[in-house]
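One letter stands for each residue in the lines below.
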Amino acid sequence: MTKGTSSLGKRHNKTHTLCRRCGRSSYHIQKSRCAQCGYPDKKLRHYNWSYKAQRRKRTGTGRRRHLKIVFRRFKNGFREGTQPKPRKRGSAARKAATSK
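No experiment lies behind these values; they were computed from the predicted model shown.

*Asks:* What exactly am I supposed to notice about a positive patch on the surface here?
*Replies:* Together, R24, K52, R55, R56 and R58 make up a region of like positive charge exposed at the surface. Positionally, R55 belongs in helix α2 (residues 51-57).

Encoded structure:
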């Protein structure tokens, strides 16, 4: 057996598949662990020796679905259980018609 071309032709099994957290094809099937994000660990995998990799995963590189809502709620003081004041219908249209 050689360790070159003839050996490479025998590789047809998949070691990695798609990760359900990061979406990359880095989830090792036998280890049940993602090489990219560390899933199923609760904390995201990152190392300080690779600053560029941290930058790629940083907040703001994705959709920020939750943070968009948190910023909006922060502006209003995280209020809950209140109803908005009822708006008077047509008052702006009436003022514009009377000023003509």
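More follows now that the structure is in view.
*Asks:* It is not clear to me how unusual backbone geometry should be interpreted in this structure. Could you clarify?
*Replies:* In most cases, non-glycine residues show a negative phi, while peptide bonds are predominantly trans. In this model, Y39 is joined to P40 through a cis peptide bond whose omega is 15°. Residues other than glycine seldom take positive phi values, yet R64 does so here, at roughly 55°. Mapped onto the fold, R64 is located in the loop between α2 and α3 (65-75). One non-glycine residue with positive phi stands out, namely F78, at about 55°. Positionally, F78 belongs in the loop between α3 and α4 (91-98). Residue class for F78 comes out partly exposed when judged on its relative accessible area of 40%.

*Asks:* Help me understand the environment of Y27, please; the structure alone is not making it clear to me.
*Replies:* With respect to the helices, strands and loops of the structure, Y27 is situated in strand β2 (residues 27-28). Taking the C-alpha atoms as reference points, Y27 and T15, twelve residues apart in sequence, are found 8.2 Å from one another.

*Asks:* I tried to follow the sheet that holds β2 on my own but got confused; where do I start?
*Replies:* Each strand in a sheet pairs with another by means of backbone hydrogen bonds, the pair being arranged parallel or else antiparallel. An order of β1-β2-β3 is seen for the three strands of this open sheet, with the pairing classed as antiparallel. A strand with exactly one partner marks an edge of an open sheet, and here the two such strands are β1 (16-17) and β3 (33-34). The pairing of β2 with β3 spans two bridges and is classified as antiparallel. Residue pairing for β3: H28 is matched across the bridge by R33.

*Asks:* Just checking my understanding: could you explain the packing of aromatic side chains for this structure?
*Replies:* When we look at a pair of aromatic rings, we describe it by the centre distance and by the angle of the planes. Under the definition given, this model contains three aromatic pairs. Both rings, one in Y27 and one in Y39, keep their centres 6.2 Å apart while their planes meet at 55°; by these two values the pair is tilted. Of this pair, Y27 sits in strand β2 while Y39 is found in the loop between β3 and α2, placing the two residues twelve residues apart along the sequence. By relative accessible area, Y39 is classed as partly exposed at 22%. For the pair Y47 and W49, a centre-to-centre distance of 5.4 Å together with 10° between the ring planes defines the contact as stacked.

What counts as what
- Residues numbered from 1 in each chain as written.
- Predicted model: local features only at pLDDT ≥ 70, side-chain atom pairs only at ≥ 80, totals over all residues.
- Heavy atoms only, no water.
- Patch = residues over 30% accessible without salt bridge, like charges linked within 9 Å, V, L, I, M, F, W, Y side chains within 5 Å.
- Areas by Shrake-Rupley, 256 points an atom, 1.4 Å probe, with all protein chains shown as cover.
- Salt bridge = Lys/Arg side-chain N within 4 Å of Asp/Glu carboxyl O.
- Lys, Arg positive; Asp, Glu negative; His and termini not counted.
- Charge placed at Lys NZ, Arg CZ, Asp CG, Glu CD.
- Helix = DSSP H or I, 4+ residues; strand = E, 2+ residues; numbered from the N terminus.
- Buried < 20%, exposed > 50% of the residue type's maximum accessible area, 1.4 Å probe, protein only.
- Pairing = 2+ DSSP bridges.
- Phe/Tyr/Trp six-rings, centres within 6.5 Å; stacked < 30°, edge-to-face > 60°.

The values are spatial; any link to function lies outside them.
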